[in-house]
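# Structural description and commentary
Next come the chains, spelled out residue by residue.
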Amino acid sequence: MRALNIKLLRNLWTLKGQGIAIAVVIATGVAMFVMSFTALDALRLSQQSVYQSQRFSEVFANLKRAPESLAERLRAVPGVATLETRVQAPVKLQVPGFDQPVTGLAQSIPDGRQPQLNQLYLRAGQLPEANRNDQVLLSEAFAEAHELQPGDRLSVVINGRYQALWISGIALSPEYIYQIRPGDLFPDFSRYAILWMNRDALESAFDMDGAFNNVALTLYTGASEQMVIDRVDQLLEPWGGLGAYGREDQLSHRFIEQELEQVAAMAVFLPLIFIGVSAFLLNVVAARLIRTQREQIAVLKAFGYDGVAVAGHYLMLVLVIVLFGSVLGVFLGTWLASGLAGMYQEFFRFPWLEFRLKPSVALTAIAIAGGATAIGTLTSVYRAFRLPPAEAMRPEPPTHFRRTLIERLGIRGLSQPTRIILRNLERQPIKAGLSILGISLAVGMMMLTGFQKGSIDYMMDVQFRLAQKQDMTVTFIEPTQRGALHELRALPGVRYVEGFRSASAILQYGHRTYRGGLQGFSDPRSLVQVLDEQLQPIAIPDEGVLLTDHLARMLGIGVGDTLQVKVQEGRQPELAIPVAGLVTEFIGVGAYLRRETLARLLGEGDTVSGAFLAVEPEQVAEVNRRLEAMPRVAGVSQRETMIRAFDDMMSDSMLVFTFFSVFMAGSIAFAVVYNNARIAFAERSRELATLRVLGFTRPEIAFILLGELMLLTLLAMPLGFLLGAGLCHLLTVGMQTDLYRVPLVLTADTYASAALVVLVATLLSALMMGRALAKLDMVSALKSAE
Amino acid sequence: MVTPSSPRERVFHTRALTRVFRLGEVEIHALRGVDMELYAGEFVVLLGASGSGKSTLLNILGGLDSGTEGEVWYKDIDLSRASERVLTDFRRHHVGFVFQFYNLIPSLTARENVAIVTDIAREPMDPSDALALVGLEQRLDHFPAQLSGGEQQRVAIARAIAKKPDVLLCDEPTGALDSKTGIKVLEVLRRINRELGTTTAVITHNAVIADMAERMIRLSDGRVSEVTNNAHPVDPDQLHW
């Protein structure tokens, strides 16, 4: 082995502490990068793979009822590749041992066969037999929530009629990867089910003999989706068509896309910050590491090694560390990615998950980490190498010190050790600055991962304490005369009832559209409020509509502009309503009018489509049971259930991410502080040993070394808080969707826990340095010149 | 002048002191059984070639190192059995060190370099008085990088004496200096010894310096090979090398 290589191994061994700290920074940066991009890739890939092999349709349409004979004319629409008519029916279910209302959607499949489009993936059991009308396939999420299995019985109310059905199998569909009740924001697997039945059975149960009320189709490559939608709408119009729509408005698809967008925002933003910080630290640390090798570089040069050989030698030194950290990071990242993707599968019911580690992802991460390290190394090697060997072999020229700014300002009575600390810091402001920047980045990253809980709590508080104070929300099967509210008011335990009218609609401004609805609220209200920017309740004006600020941004519309509205029910009027104001909402988006105004615009009387209820807490279950028995009630949602569903979704998807990020930010903080301490120790060991000789105790010299560290850490705190607040702001902006917008709320907790983790990291490094101080060799410090 | 034959207080004495360094599988016997004494107020030169064990002896006397076997006494303190705490205290209050490479703290001025010791001493001199004693009253606020080597060594001497130590241990104090500057430093040491009565031990490989000492102890190969009393020590300015 060449002598230089032996030196390499020895150096690595001597530097193992620092080397491991650097490798940890690389590993965390690379792992975060690999985890995020690989998890995102897995979700995207799984989506494509499932859509393709299960033949997910491209256009969907709902209608009231049309004869099957219309299907031929629909198939003849130019651009349509495959078209399937279906029957869909809202159902209520009773699950033994579960006393809460469960609703669902029953959808037809060809008798005893897989549909041509939106094919089902059977997880267990089999399709209903062709001639059986009492067999049903159940969606996996619902089956799991109730531990139902093929062969179990299920009571289902279809069209007001009770039916006892047998579960023939458990299935997954590309249409319901995100299984959510229309109108809900969060999935509730135990209270909403998807069922598949033989067409024949569902037709007779839903009085749809020889008819259909739903269409799914795929397009030929190159066909215009909009032209097909327009033509389908024309054909369905006489039959109560509710407007055909493409995938981007399909509920499950839309949620997946939004979530993927959000994951993408996180997946790009956080890892870039992590790997950026890692790269920065590596650059700094590598540069310092090489500076301590200055004399050795000079000796090598004196022996006649050329620049390339020396640079190569030190590059090898750091690249061994980079490689070690990177490989660790790639493995860790891949492992975490599969965990993260698996966690997503809780919510996104992909029948299977495609998972791969893209070499480009791993290589990019390694290139960023390695590149930054190499640059730091090479600049330092170059600086050392530029000097004539004789000069470089001497230690760096005696450093010139001066009184610090604090002293020049006239502050007296500083102890000599304090002076040493202050002057050392002030003499190398760039170095001290970089250390402070490194530590403050760690503080910032901690805040980035820690602020989300506070923000989500705040979001929930605004939503459920200020805006939506109702205990229950009831929706009717169809708009009903306002008098129906008396019936609700009469239920024992109901304290207050507030009717509302909602109508699904396409909102449009210019070329931008949003498929949502109009909400008509009565005024004055006490249960449901819309809030202004200061979160104060505001009154809904007599004329015009109030839009959620985020919806207004999405449509590019402002106050005073006119919103075009295509109502998707009843006589489907097209309306033009001026925007009267904006409201602040963190969860969901809406367009709010007075109920009277909406009724007038829809051309109907005093109708309600549902009601908000205030209910005595102990009566909630009973009220629920009674509501469920009312034939006109389509669904009931409870505040507690919604809060829990939201919590579940948020905590699950964020907790793992947060936990891992805290670990990484903590280890980065530790690596920065520890490396600082190591290098400071190397630079000061002679001075510290001299002081020991002069009779200073170990704690007294520890003060000089660790005081500097603590001071740097304390100086880094305010900067870190600022950086953290900025990063948090960027993240909230990146994560905005119409599903929810995490507000930027930085609580004292957020700051305190970020500070705490970094302080703990500092203390840990201080403890490790304490051990090094105990071994300080006094005699050797006296032998050599400075 | 006190003659060596008169009874004097014994400050240090060692009995059969050995020091073995183990470097892997190799044993280096730096001291092979040293018996010696230092008396109060005397100026002694410990002379020896490089590798003779003189620095090891001085380090052990100063509480920086411990012998492998044998005894080391400072007055009635048994340094060979003293704890880390006792040794630190011993260095802090009783010993002044002067090193070949000065070992000043670069970030502190001359005055502050002295103050760093007087801050923790029991009845120290004022730092500026100590610096005046070594002739640096004009350079109080200069940083080490602004001082010549001789000046830096004089700061180191001021730092060593400012605590009014019982003994001054100097390891090659002129080793890094040219002869002219070296002689100035020796003059300062001599004056301190005379004026303050501080027991002074100077280690050197330079036999010329022994002429200014009252006693010369020669070490060779880890043993005391010669002890010479010098009835007529010369002044440092008479020395030439």
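Calculation notes
Once a new chain begins, its residue numbering starts again from 1 and follows that chain's sequence as written. Chain letters start at A and ligand numbers start at 1, both assigned in the order the entries are written. In keeping with the predicted nature of the model, local features appear solely for residues at pLDDT of at least 70, side-chain atom pairs appear and are counted solely at 80 or more, and the whole-chain, interface and lining totals rest on all residues. Only hydrogens and water are set aside when side-chain values are computed; all heavy atoms of the structure are taken into account. Secondary structure elements follow DSSP: runs of H or I no shorter than four residues count as helices, runs of E no shorter than two count as strands, and numbering proceeds from the N terminus. The globule rule used for comparison is 2.2 Å times the number of residues to the exponent 0.38, while the radius of gyration itself is calculated over C-alpha atoms. To sort residues, take the accessible area from a 1.4 Å probe on protein chains only and compare it with the maximum for the residue type: under 20% means buried, over 50% means exposed, and anything in between is partly exposed. Working rule for contacts: check all heavy atoms of both residues, and any pair within 4.5 Å makes them a contact. Per-residue and other accessible areas follow the Shrake-Rupley method at a 1.4 Å probe size, with only the shown protein chains counted as cover for residues. In this charge count, Lys and Arg are treated as positive and Asp and Glu as negative; neither His nor the chain ends contribute. We put the charge of a Lys on NZ, of an Arg on CZ, of an Asp on CG and of a Glu on CD. Domain delimitation in this document rests on an assignment produced automatically or drawn from a domain database. Only strands joined by at least two bridges in the DSSP assignment are considered to pair. An axis is simply a line fitted to the C-alpha atoms; with a helix, the fit covers only the stretch in contact. Between two such axes, the angle follows the N-to-C directions and lies from 0 to 180 degrees. Take the accessible area each of two parts loses on contact, using a 1.4 Å probe, and add the two losses: that sum is the buried area. Salt bridges are defined as contacts in which a side-chain nitrogen from Lys or Arg sits within 4 Å of a carboxyl oxygen from Asp or Glu. N or O atoms closer than or at 3.5 Å make up a polar contact, with two conditions inside protein: a donor-capable atom paired with an acceptor-capable one, and, for residues adjacent in sequence, both atoms drawn from side chains. Three classes are used: nonpolar for Ala, Val, Leu, Ile, Met, Phe, Trp, Tyr, Cys and Pro, charged for Asp, Glu, Lys and Arg, and polar for all others, with Gly counted as polar.

## Considering the overall build of chain B
The secondary structure content of chain B amounts to six helices and 10 strands. Its C-alpha radius of gyration of 17 Å places chain B within 12% of the 18 Å reference for a compact globule of 241 residues. With respect to the principal axes defined by its C-alpha atoms, chain B has extents near 50 × 40 × 40 Å. A burial count over chain B gives 55% of its 241 residues as buried. Of the contacts formed within chain B by residues at least 6 apart in sequence, a portion of 72% connects residues at least 24 apart. Of the roughly 9900 Å² that chain B leaves accessible, carbon and sulfur atoms contribute 47%. Computed over 27 positive and 33 negative side-chain charges, the separation of the two mean positions in chain B equals 0 Å.

## Digging into unusual backbone geometry
The phi dihedral of N159(A) is positive, around 55 degrees, even though this residue is not glycine. Tracing the chain through its elements places N159(A) in the loop between β7 (153-158) and β8 (161-172). Looking at N159(A), the relative accessible area reads 35%, which means it is partly exposed. Positive phi outside glycine occurs at N103(B), with the angle close to 50 degrees.

## Focus: the domain arrangement of chain A
Annotation of chain A at the domain level lists domain 1 (1-59 + 224-237 + 254-397) and domain 2 (468-642). Spacing between the C-alpha centres of domain 1 of chain A and domain 2 of chain A amounts to 49 Å.

## Here we look at the sheet that holds strand β8 (residues 199-204) of chain B
All names here are of chain B. One open sheet holds the six strands; their spatial order is β6-β7-β8-β3-β9-β10, and the pairing between them is mixed. Since the sheet does not close on itself, it has two edges, and those belong to β6 (95-98) and β10 (223-229), each with one partner. Neighbour to neighbour, the strand axes of the sheet diverge by 20 degrees on average, direction disregarded. Sheet topology places strand β7 (residues 167-171) next to β8; five bridges connect them, and they run parallel. Bridge pairing links D171 to I203 in β8. This element, helix α1 (residues 54-61), spans β3 (43-48), β7, β8 and β9 (215-220) of the sheet and lies at about 150 degrees to β7. On the sheet, helix α2 (residues 84-94) packs against β6 and β7 and is oriented at approximately 80 degrees with respect to β6.

## Concerning helix α17 (residues 595-602) of chain A
Among all positions in α17(A), only R595(A), T597(A), L598(A), A599(A) and L602(A) are buried. Tucked into the core, α17(A) has its buried residues touching β13 (494-509), β14 (512-521), β18 (562-567), β20 (591-594) and β21 (607-615) of chain A.

## Focus: the interface of chain B and chain A
Facing the 27 residues of chain B at the interface are 32 residues of chain A. Summing the contributions of chain B and of chain A, the shared interface buries around 2700 Å²; its carbon and sulfur component is 60%. On inspection of chain B and its partner chain A, the count reaches five salt bridges. Linking R423(A) and E112(B) is a salt bridge whose minimum nitrogen-to-oxygen distance equals 2.4 Å. Between chain B and chain A we count 12 residue pairs in polar contact (both at pLDDT 80 or more) in total. Among the elements that make up the side of chain B that touches chain A, the one with the highest residue count is α2(B) (five residues). Counted by class, the side of chain B that touches chain A contains 13 nonpolar, five polar and nine charged residues.

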